[in-house]
Amino acid sequence: MSRKQLDMTLLGLGLAVSFALPLVIKSPTYLQILILLFFYAYLTTAWNLVGGFAGVLPMGHAVFVGIGAYTSTILSNQYGISPWIGMLAGGVLAALVGVLIGKPTFRMRGAYFALCTIAFAEGFRVMIENIDSIGPLKLNGPRGLLIPLKGDSFWNYQFMHKEPYYYIILVMLLLVLALTWFISRSRMGYYLAAGGEEPEAAQALGINVARYKLVAMAMSCFLTALAGTFYAQLMLYFYPKGLLGLDLSFEIAFIALIGGRGTIAGPVIGALALRPLNEFTRIYLGSQLPGLHLVIFGTILILVMLYQPKGLTAPLARIYDKFASRITRQGGAQ
Amino acid sequence: MTAVIQAVINGTMMGAMYGLTALGLTLIFGVMKVVNFAHGSLLMVGMFTAYWLIKLTGIHPYLSLLVVPPLLFFFGYYMQNLLIKPVFKAEQQVREPLTVIIVTTGVWYVLDNLALMLFGAEYRTVKTSITGTSFSMGEFIVSIPKLSGFVVSVATAVGLWLFMVKTRTGKALQATSLDREAANLMGIDQYRIYNLAFGIGTAIAGIAGCVIMPFYYVYPSVGVVFDIRAFIIVVLGGLGSIHGAMLGGVIIGLIESVFSQFMPSTWTEAIIYAVFLVILFVKPSGFFGKKQDW
């Protein structure tokens, strides 16, 4: 068996298991945990286009989740437009906002950029919390928006069971992963990496770093907003503090950094490492000692950064390489 | 008009204390080029230490200034030495140590939630001999705890500035901030300077905790309120600039207090963010920042 065959077999196996899981796991609680795991992996992969490849640290991506959720929900609640269409509208709006924010901020160095995105996100949240309606559009201020139940309907993006949500987010995750893989191997990927590492040098080679960063930002924001619609339709309720707070923005960045920023598998590995930990410590410890699960979370964050500052993907890849070389050598001998 | 002048008085006093909370942050950034996301949590630790000290021993609130800042100095000193230095060393080649941001955020989560586990989520205040006291100046009322806080804030800023320009250690801090390789070559131990900078920055957060405690409530996530303001203030004033932090603090304090005369206080928060973004886009280096920093 060659290395390529081994990779492909394992990839296929992983895909088959992902698609078969709902056949085995029937508990809505566990399915919800898996859905949120994929949701976070998706968000982080979208974030990675800017935060990973373009080498800056956006800490306010919840804004774009919010734009997606609000746009599709307002359109469907008030105008009866299917969330599937609203989702695209939200994506386009988020991409525009992203470019608007990215244009002046991409000149900034890391710490400034991070602070600026935090301030933008917090400012956005405060605004939304204070606005009851913009013209005819009802935002409901701090109370948030509720999506009325319309029953099982694909057109209305509402399902009585968890399985459809599971498959939607799984497919979304696979698509965005494929897109990232494609970009990382394209001219744009190389330019982004060069611009992230050594912006001056890249500029000197005639690469328009700023333009590629903006394209990456637009794509990232568009994709992030799609997840916002997904979240709204899954929960059927959201409010500014929960959806637009710093917690979501920070968690996306943490998952990326723990998994491995700028790698394709990083967001998935980060989500696999952090999400179950988060959920189970909250379920089992949260009621006894409030805060303990976040103490554990913070400690793990510190430890990973101390011992694996590049994230978990690099050591895992090394282990896999060792394993693969053993397998393929055995295969060759037979 | 009276109300506006009263708001200016209150805003200036409160703003100086916001500036004080930003002072430690700006010092640490200036020297290490690291945004310490745990800064608000360290302020919270300072507030809780002052709270228990005052509550359990019944001492005058300002006596806590003799105990809390030194304690926090060692806390910050060892936090940098144990947690941040290793990450810094691993990222030596990187121009901007962004991983350090994540470590300090981890510290933030741990400290805030340890406080939650230990003390619960309730808001606590200490009733002291000076709580709620004030004197009147003509038709204006000046709160004594806030005035004392203002005086301590300005004194701390002046003290830090004198330390930076007059003492050998202060000059070593400045040198490291300007060019860490060159400072290294001149025989300055870069990591010892970082320990010091972090220690002093944390001690200043402790001072802020002590002067805020007599008129504010403490709870585990109180740091977030001051954290975001401190971020905005240091960017306004120019990351790394001492007088920038104080000026930025007063500006934020004034916006908050004057605008709340005319609109709901939640909107003043939005105005603060708007001002921040405008300044960032027009002059990203802030009032006194150096161009190469951003």
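Asker: With reference to specific residues and values, describe the overall build of chain A.
Answerer: A count of helices and strands for chain A gives 14 helices and four strands. A compact globule built from 334 residues should have a C-alpha radius of gyration of about 20 Å, and chain A, at 21 Å, falls within 12% of that. Projecting the C-alpha coordinates of chain A onto the three principal axes gives extents of approximately 70 × 55 × 40 Å. The contacts of chain A with a sequence gap of at least 6 include a subset with a gap of at least 24, amounting to 76%. When the accessible surface of chain A is split by element, carbon and sulfur atoms take 68% of a total near 14,800 Å². Between the mean site of the 24 positive side-chain charges and the mean site of the 13 negative ones, chain A shows a separation of 5 Å.

Asker: I'd like a description of the overall build of chain B, backed by residues and values.
Answerer: A tally of helices and strands in chain B yields eleven helices and two strands. Ordering the α and β elements of chain B from the N terminus gives α-α-α-α-β-β-α-α-α-α-α-α-α. Over its C-alpha atoms chain B spans a radius of gyration of 19 Å, differing by no more than 12% from the 19 Å that the globule rule assigns to 294 residues. In terms of principal-axis extent, the alpha carbons of chain B reach across some 60 × 45 × 35 Å. Expressed as a percentage of its 294 residues, the buried residues of chain B come to 57%. Long-range contacts, defined as pairs at least 24 residues apart, comprise 77% of the intrachain contacts of chain B with a sequence gap of at least 6. For chain B, the exposed area adds up to about 11,600 Å²; of that, 68% sits on carbon and sulfur atoms.

Asker: Report on the pattern of salt bridges, specifying residues and quantitative values.
Answerer: Pairing between side chains of opposite charge can happen when their charged atoms approach one another. Counted according to the given criterion, the structure contains ten salt bridges over all chains. Between Asp132 of chain A and Arg143 of chain A there is a salt bridge; the shortest N-O distance is 3.5 Å. Taken together, the positions of Asp132 of chain A in the loop between helix 5 (110-130) and strand 1 (133-134) and Arg143 of chain A in the loop between strand 2 (137-138) and strand 3 (145-146) put the pair eleven residues apart, joining distant regions of the chain. Overall, the relative accessible area of 48% leaves Arg143 of chain A in the partly exposed class. Glu122 of chain B is the salt-bridge partner of Arg124 of chain B, the closest N and O atoms lying 3.6 Å from each other. Residue classification places Glu122 of chain B among the partly exposed positions, given a relative accessible area of 43%. One connected set of salt bridges, linked through shared partners, spans Glu122, Arg125, Glu129 and Lys241 of chain A.

Asker: Residues and numbers for unusual backbone geometry, please.
Answerer: In this structure, Tyr157 of chain A takes a positive phi of about 60 degrees despite not being glycine. Within the element layout of this structure, Tyr157 of chain A appears in the loop between strand 3 and helix 6 (163-184). A residue is classified by how much of its surface remains accessible, and Tyr157 of chain A, at 0% relative accessible area, is buried. Located in the positive-phi region is Lys33 of chain B, a residue other than glycine, with phi close to 60 degrees. Assignment of secondary structure puts Lys33 of chain B in the loop between helix 1 (2-32) and helix 2 (39-57). The exposure class of Lys33 of chain B is partly exposed, given its relative accessible area of 26%.

Asker: How would you sum up the state of the cysteines? Please name residues and give values.
Answerer: Using the criterion set out here, one finds zero disulfides over all chains in the structure. Unpaired in terms of disulfides, Cys116 of chain A finds its nearest cysteine sulfur in Cys221 of chain A, a separation of 13 Å.

Asker: Describe the interface of chain A and chain B, naming the residues involved and giving the relevant values.
Answerer: In this complex, chain A contributes 43 residues to the contact, which on the side of chain B involves 44 residues. Regarding the contact of chain A and chain B, the summed buried area is about 4,000 Å², with carbon and sulfur atoms giving 78% of it. Summed over the shared surface of chain A and chain B, the result is zero salt bridges. Scanning the region where chain A abuts chain B turns up zero residue pairs in polar contact (both at pLDDT 80 or more). Among the secondary structure elements, those contributing two or more residues to the side of chain A that touches chain B are helix 4 (83-105), helix 5, helix 8 (199-204), helix 11 (246-259) and helix 13 (292-307) of chain A. Residue composition of the side of chain A that touches chain B, by class: 30 nonpolar, seven polar and six charged.

Asker: Describe in detail the environment of Gln203 of chain A, supporting the description with residues and values.
Answerer: The topology assignment puts Gln203 of chain A in helix 8. Separated by 82 residues in the primary sequence, Gln203 of chain A and Leu285 of chain A place their C-alpha atoms 51 Å from one another.

Asker: Can you tell me about the packing of aromatic side chains, naming the residues and giving the values?
Answerer: Taken as a whole and judged by the stated rule, the model has 40 aromatic pairs over all chains. Summarising the aromatic geometry, the rings of Phe250 of chain A and Trp108 of chain B are spaced 5.6 Å apart at their centres and angled 85 degrees between planes, so their arrangement reads as edge-to-face. A residue pair is termed interchain when its members come from two chains, as with Phe250 of chain A in helix 11 and Trp108 of chain B in helix 4 (residues 98-119). By relative accessible area, Phe250 of chain A is classed as buried at 1%. With centroids separated by 6.3 Å and ring planes inclined at 80 degrees, the aromatic side chains of Phe48 of chain B and Tyr51 of chain B adopt a geometry described as edge-to-face. Taken together, the residues Phe48 of chain B and Tyr51 of chain B, both in helix 2 and three residues apart, mark about one turn of the helix. Every member of this aromatic cluster is reached through a ring pair, and the members are Phe39, Tyr40, Trp84, Phe154, Tyr157, Phe159, Tyr165, Phe230 and Tyr231 of chain A. Sitting over the ring of Tyr212 of chain A, Arg211 of chain A keeps its end group 5.6 Å from the ring centre. Here Lys89 of chain B stacks its cationic end above the ring of Tyr191 of chain B, 4.9 Å away from the centre of that ring.

Asker: Go over the pairing of strand 2 (residues 140-143) of chain B with me, naming the residues and quoting the values.
Answerer: The side chains of a regular strand alternate, first on one face of the sheet and then on the other. Residue and element names in this part refer to chain B. Alternating residues of strand 2 divide into Phe140 and Val142, all buried, and Ile141 and Ser143, none buried. The pairing of strand 1 (residues 134-137) with strand 2 spans four bridges and is classified as antiparallel. Following the sheet pairing, Ser136 is matched in strand 2 by Ile141. Here strand 1 folds back onto strand 2, and the loop between the two strands holds two residues, one of which, Gly138, carries a positive phi near 60 degrees.

Asker: Break down the side chain of Ser220 of chain A for me, with residues and values.
Answerer: Residues and elements named next belong to chain A. For Ser220, the position within the fold is in helix 9 (residues 209-235). For Ser220, a relative accessible area of 0% gives the class buried. A polar atom in the side chain of Ser220 sits 2.8 Å from the backbone oxygen of Ala46. Setting aside residues no more than four positions away along its own chain, Ser220 makes contact with Ala46, Trp47, Leu49, Val50 and His61.

Asker: Please give an account of helix 11 of chain A that cites residues and values.
Answerer: Residues and elements named next belong to chain A. End to end, helix 11 covers 20 Å across 14 residues, agreeing with the expected 20 Å (1.5 Å per residue, within 8%). When you tally the buried positions in helix 11, you get 13 out of 14 residues, the bulk of the element. One or two steps after helix 11, the chain reaches Gly260, where phi turns positive at roughly 135 degrees.

Asker: With reference to specific residues and values, describe a positive patch on the surface.
Answerer: On the surface, Arg318, Lys322, Arg326 and Arg329 of chain A cluster together into a patch of positive charge. Structurally, the position occupied by Arg326 of chain A is in helix 14 (residues 313-333).

Asker: Which residues make up helix 6 of chain A, and what values go with them?
Answerer: With 22 residues, helix 6 of chain A should cover 32 Å at 1.5 Å per step; its first-to-last C-alpha distance of 31 Å lies within 8% of that length. For helix 6 of chain A, every residue scored as buried is listed here: Tyr165, Tyr166, Ile168, Ile169, Leu170, Met172, Leu173, Val176, Leu177, Thr180, Ile183 and Ser184 of chain A.

About the cut-offs
Residues numbered from 1 in each chain as written. Chains lettered and ligands numbered in written order. Predicted model: local features only at pLDDT ≥ 70, side-chain atom pairs only at ≥ 80, totals over all residues. Heavy atoms only, no water. Helix = DSSP H or I, 4+ residues; strand = E, 2+ residues; numbered from the N terminus. Rg over C-alpha atoms; globule rule 2.2 N^0.38 Å. Contact = heavy atoms within 4.5 Å. Areas by Shrake-Rupley, 256 points an atom, 1.4 Å probe, with all protein chains shown as cover. Lys, Arg positive; Asp, Glu negative; His and termini not counted. Charge placed at Lys NZ, Arg CZ, Asp CG, Glu CD. Buried < 20%, exposed > 50% of the residue type's maximum accessible area, 1.4 Å probe, protein only. Salt bridge = Lys/Arg side-chain N within 4 Å of Asp/Glu carboxyl O. Disulfide = S-S within 2.5 Å. Buried area = accessible area lost by both parts, 1.4 Å probe. Polar contact = N/O pair within 3.5 Å; in protein donor to acceptor, adjacent residues only side chain to side chain. Nonpolar A, V, L, I, M, F, W, Y, C, P; charged D, E, K, R; others polar. Phe/Tyr/Trp six-rings, centres within 6.5 Å; stacked < 30°, edge-to-face > 60°. Lys NZ or Arg CZ within 6 Å of the ring centre and 35° of its normal. Pairing = 2+ DSSP bridges. Expected span 1.5 Å × (residues − 1). Patch = residues over 30% accessible without salt bridge, like charges linked within 9 Å, V, L, I, M, F, W, Y side chains within 5 Å.

Take it as geometry only, folks, not as evidence of what the structure does.
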